[in-house]
Amino acid sequence: MAGRTLMMHGNSACAEGAILAGCRFFAGYPITPSSEIAEYLSARLPAMGGTFIQMEDEIASIGAVIGASIGGVKAMTATSGPGFSLMQENIGFAAMAEIPCVVVNVQRGGPSTGLPTLPSQMDVMQSRWGAHGEHPIIVLTPSSASETLFLTIRAFNLAEKYRTPVILLTDEITAHLTEKVTIPEPESIKIIDREKPAVPPEEYLPYQMVESDIPPMANFGEGYRYHITGLAHDETGFPTNDSVKIDEQLRRLNRKIERYHDEIVELDTYWHEDMEIAVVCYGAPFRSALNAVRRARKDGTKAGILKLKTIWPFPDKELRELLQDVEKIVVPELNLGQVAFLLKCIAGDSAPIRKVNKINGEPITPDEIFEAIKEER
């Protein structure tokens, strides 16, 4: 398959990206519109010497993924809104215990069971704040099948490098559109594996305060036995009520993502050099935004696009710089304005924000974005 250009939809591209990244364990529960990821991996993983398990529910699924990762296997699950809600406690556990894993959320309309077969982008805030407590998270969002493949690979790399759960936040449109995807040769792909300890088991500290803020991670079953808990813990992994040690570990937990912001955040720009109107978008609405901005520029309007590929950590520094001279910001989202709210915090009153929102399961059209661009400022 490597080196070939195939027609694939986003869910299949996600599954193939996971294989290329080295994923060899998947546990999940079928749920629209993500089920094709599980279906694809149910055939591919066993053929690659990996393991596929259909679990009894989403809570068990993320628990199995965490266990597989502790054993040294790159692991993932895939779900949608209701299942993503059920996974939040264990996502928080994985963040606290610093266990690498990838969670794919193919968004659909909500709340509750909502619109099972129709698209949304309603889980942006939940992807960051769904689990309680102060902890960091990395969230990537693709806008095409090809980008889904490569961002899935990147999700695994980031999870392994920073010892953290990473969420791939896609949507029903991106997941089900079929388009050309070129499968890269394995040798062309940069693969990152977790750093292993360089000390014998008796000297190993699983949560050691190291210069990088990312402690090496030993795999269970390789002679290293250590304590893993969701409780506040010290360098040994055992629970502690020592306020100094608790503060050190929690600050390190958050700092290990904050200090590497520039390495994690990615966004694409189009016609940004002279833009007076910025369209900030992510996921499926990017396609309509691209059409609308091309039309606007033909009419002489200096519009540009800032497409987010990383939502969390939020690219506030990058957007603040790119938006400093614009006269208006247009934000198309399949929600009621979750990223628009974040942009308001950045832009303040320097540029008005025009939201283009839909929550009824219909896509945002190029005409709707075009009208928002051309609207009197």
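If you're wondering where the values come from, they're calculated on a predicted model, not measured in any experiment.

Thresholds applied
Residues numbered from 1 in each chain as written. Predicted model: local features only at pLDDT ≥ 70, side-chain atom pairs only at ≥ 80, totals over all residues. Heavy atoms only, no water. Helix = DSSP H or I, 4+ residues; strand = E, 2+ residues; numbered from the N terminus. Rg over C-alpha atoms; globule rule 2.2 N^0.38 Å. Buried < 20%, exposed > 50% of the residue type's maximum accessible area, 1.4 Å probe, protein only. Areas by Shrake-Rupley, 256 points an atom, 1.4 Å probe, with all protein chains shown as cover. Lys, Arg positive; Asp, Glu negative; His and termini not counted. Charge placed at Lys NZ, Arg CZ, Asp CG, Glu CD. Pairing = 2+ DSSP bridges. Axes fitted to C-alpha atoms, helices over the stretch in contact; angles between N-to-C directions. Contact = heavy atoms within 4.5 Å. Right-handed = clockwise from strand over helix to strand, strands pointing away. Phe/Tyr/Trp six-rings, centres within 6.5 Å; stacked < 30°, edge-to-face > 60°. Lys NZ or Arg CZ within 6 Å of the ring centre and 35° of its normal. Core = buried A, V, L, I, M, F, W, Y, C linked by side-chain atoms within 4.5 Å.

Student: How would you summarise the overall build of the protein chain if you had to cite specific residues and measurements?
Tutor: Of regular secondary structure, the protein chain possesses 13 helices and 15 strands. Scaling as 2.2 N^0.38, a compact globule of 377 residues should have a C-alpha radius of gyration of about 21 Å, and the protein chain matches this with 21 Å. Along the first, second and third principal axes, the C-alpha atoms of the protein chain reach 70 × 50 × 40 Å. Sorting the 377 residues of the protein chain into buried and exposed places 56% on the buried side. Surface exposure of the protein chain reaches about 15,500 Å², of which carbon and sulfur atoms provide 52%. For the protein chain, the centre of its 37 positive side-chain charges and the centre of its 51 negative side-chain charges are spaced 3 Å apart.

Student: Break down the sheet that holds strand β10 (residues 267-270) for me, with residues and values.
Tutor: Across the sheet, five strands lie side by side as β10-β12-β11-β14-β15; this open sheet has mixed pairing. Where the open sheet ends on each side, the last strands, each with one partner, are β10 and β15 (353-357). With strand direction ignored, the average angle separating the axes of adjacent strands in the sheet is 20°. In this sheet, strand β14 (residues 328-333) lies alongside strand β11 (residues 277-281) in parallel orientation, the contact comprising three bridges. Paired with Ala-278 across the strands is Ile-329, a residue of β14. Packed onto the sheet, helix α12 (residues 338-347) meets β11, β12 (303-308), β14 and β15 and runs at close to 160° relative to β14.

Student: Talk me through the pairing of β15; I want residue IDs and the actual numbers.
Tutor: By the bridge criterion, five bridges tie β14 to β15 in an arrangement that is parallel. Note that in β15 the partner of Pro-332 across the bridge is Val-356. The parallel pair β14 and β15, bridged by α12, forms a crossover whose chirality is right-handed.

Student: Tell me what's going on with the side chain of Gln-88, and back it up with residues and numbers.
Tutor: Structurally, Gln-88 is set in helix α4 (residues 81-97). On the basis of relative accessible area, Gln-88 is assigned to the buried category, the value being 7%. Ignoring anything within four residues of it in the chain, the contact list for Gln-88 reads Gln-126, Gly-130 and Ala-131.

Student: How would you summarise the packing of aromatic side chains if you had to cite specific residues and measurements?
Tutor: Following the criterion strictly, the structure yields nine aromatic pairs and no others. Plain terms: the ring middles of Tyr-204 and Tyr-226 are 5.4 Å apart, the flat faces sit at 75° to each other, and that makes the pair edge-to-face. Within this pair, whereas Tyr-204 is found in the loop between β9 (178-182) and α8 (243-258), its partner Tyr-226 is found in the loop between β9 and α8, the two being separated by 22 residues in sequence. For the pair formed by Tyr-204 and Tyr-226, the shared burial category is buried. Between Phe-220 and Tyr-226, the aromatic rings sit 4.9 Å apart at their centres with planes inclined by 75°, giving edge-to-face as the arrangement. The buried category is assigned to Tyr-226, whose relative accessible area is 11%. Against the face of Phe-286 rests Lys-307, its NZ or CZ located 4.5 Å from the ring centre.

Student: A description of unusual backbone geometry should follow, citing residues and the corresponding values.
Tutor: Backbone torsion omega between Thr-32 and Pro-33 reads 5°, so that peptide bond is classified as cis. Its place among the elements puts Pro-33 in the loop between β2 (25-28) and α2 (35-47). With an omega of 0°, the peptide bond running from Gly-110 to Pro-111 counts as cis. Along the chain, Pro-111 falls in the loop between β5 (101-109) and β6 (115-119). At Arg-163, a residue that is not glycine, the phi angle is positive and equals roughly 50°. Within the secondary structure, Arg-163 sits in the loop between α6 (145-162) and β8 (165-171). Its identity is not glycine, yet Asp-213 carries a phi of approximately 75°, on the positive side. Along the chain, Asp-213 turns up in the loop between β9 and α8.

Student: Summarise the nonpolar core; cite the residues concerned and give the values.
Tutor: Side chains of nonpolar character tend, in soluble globular proteins, to be buried together. In terms of nonpolar packing, the biggest core is built from 48 residues, with Phe-314, Leu-319, Leu-323, Ile-329 and Leu-343 touching the most fellow members. At seven residues, helix α3 (residues 58-70) tops the list of elements feeding residues into this core. Excluding residues that lie within four positions of it along the chain, Phe-314 makes contacts with His-261, Leu-308, Leu-319, Val-339, Leu-342, Leu-343 and Ile-346. Core analysis: the second largest hydrophobic core is formed by 42 residues, Cys-14, Ala-21, Ala-145 and Val-166 among them.

Student: Could you give me a rundown of the environment of Ile-19, with the residues and numbers involved?
Tutor: Within the element layout of this structure, Ile-19 appears in helix α1 (residues 10-21). Classification of Ile-19 by relative accessible area gives buried; the value is 4%. Between the alpha carbons of Ile-19 and Glu-235 there is a distance of 33 Å; along the sequence they are 216 residues apart. In this structure, Ile-19 is in contact with Arg-24, Leu-41, Arg-44, Leu-45 and Met-48, ignoring residues within four places of it in sequence.

Student: Please give an account of the environment of Val-265 that cites residues and values.
Tutor: When you line up the elements, Val-265 lands in the loop between α9 (261-264) and β10. Taking the C-alpha atoms as reference, Val-265 lies 9.6 Å from Val-139; in sequence the two are 126 residues apart. Setting aside chain neighbours within four positions, we find Val-265 in contact with Thr-310, Pro-313, Pro-315 and Glu-318.

Student: Run through the pairing of β12, naming residues and quoting values.
Tutor: The element β12 is extensively covered by neighbouring structure, given that six of its six residues are classed as buried. Residues Ala-303, Ile-305 and Lys-307 line one face of β12 and the alternating positions Gly-304, Leu-306 and Leu-308 line the opposite face, and both faces are buried. Relative to β12, β10 is paired through four bridges, and the arrangement is antiparallel. Looking at β12, one finds that Asp-268 is bridged to Lys-307. Judged from the five bridges that link them, β11 and β12 form a sheet pairing that is parallel.

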